[in-house]
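# Chain and residue survey
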Amino acid sequence: MVVVLGMAILGAILGALTARKRNGNGADVAQYAAGYGIAFALAGLVLSLVLVRFVG
């Protein structure tokens, strides 16, 4: 669960930075942060499942 949360936070930060770099307003920053956060959380979930399957 920590992997999923960490990846979601990392994705939200990267999304916000991407939107800022593209000169987005506050709504753009929020939307990019949410989108990247969800995508990275999903990737973290898959990574977590793979780790549990092969390590545990």
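Scroll up to find the structure.
Described in the following lines is the structure provided in the data block. (Residues numbered from 1 in each chain as written. Predicted model: local features only at pLDDT ≥ 70, side-chain atom pairs only at ≥ 80, totals over all residues. Heavy atoms only, no water.)

## Regarding the overall build of the chain
Helix and strand counts for the chain stand at 2 helices and 0 strands. A globule of 56 residues ought to have a C-alpha radius of gyration of about 10 Å, yet the chain, at 13 Å, is considerably larger. Projected onto the principal axes, the alpha-carbon positions of the chain cover approximately 45 × 15 × 15 Å. Looking at the chain as a whole, 21% of its 56 residues qualify as buried. A separation of at least 24 residues holds for 59% of the contacts in the chain among residues at least 6 apart in sequence. When the accessible surface of the chain is totalled, it reaches about 4200 Å², and 73% of it is carbon and sulfur. (Helix = DSSP H or I, 4+ residues; strand = E, 2+ residues; numbered from the N terminus. Rg over C-alpha atoms; globule rule 2.2 N^0.38 Å. Buried < 20%, exposed > 50% of the residue type's maximum accessible area, 1.4 Å probe, protein only. Contact = heavy atoms within 4.5 Å. Areas by Shrake-Rupley, 256 points an atom, 1.4 Å probe, with all protein chains shown as cover.)

## Concerning the packing of helix α1 (residues 2-21) against helix α2 (residues 26-55)
A packed helix pair is summarised by two numbers, namely the angle formed by the two axes and the spacing between the axes. In the contact formed by α1 and α2, the axes pass within 6 Å of each other and the chain directions differ by 150 degrees. Considering the angle they form, α1 stands roughly antiparallel to α2. α1 and α2 meet at a crossing whose hand is right-handed. Residue composition of the contact of α1 with α2, grouped by class: 18 nonpolar, 6 polar and 2 charged. (Axes fitted to C-alpha atoms, helices over the stretch in contact; angles between N-to-C directions. Parallel < 35°, antiparallel > 145°, perpendicular 65-115°, else oblique. Left-handed = near helix turned anticlockwise from the far one by under 90°. Nonpolar A, V, L, I, M, F, W, Y, C, P; charged D, E, K, R; others polar.)

## Let's talk about unusual backbone geometry
The phi torsion at N23 lies on the positive side, around 60 degrees, for a residue other than glycine. Among the structural elements, N23 can be located in the loop between α1 and α2. In this structure N23 comes out as exposed when scored by relative accessible area, which is 71%.

## Structural notes on a nonpolar patch on the surface
On the surface, V3, L42, L45, V46, L47, L49, V50, L51, F54 and V55 cluster together into a nonpolar patch covering about 950 Å² of accessible area. Per element, the largest residue contribution to the nonpolar patch is 9 residues, and it comes from α2. With respect to the element layout, L42 can be found in helix α2. (Patch = residues over 30% accessible without salt bridge, like charges linked within 9 Å, V, L, I, M, F, W, Y side chains within 5 Å. Salt bridge = Lys/Arg side-chain N within 4 Å of Asp/Glu carboxyl O.)

## Some thoughts on the packing of aromatic side chains
One pass over the full model with this rule turns up 2 aromatic pairs. Here the aromatic residues Y32, Y36 and F40 are joined through ring pairs into a cluster of three or more. (Phe/Tyr/Trp six-rings, centres within 6.5 Å; stacked < 30°, edge-to-face > 60°.)

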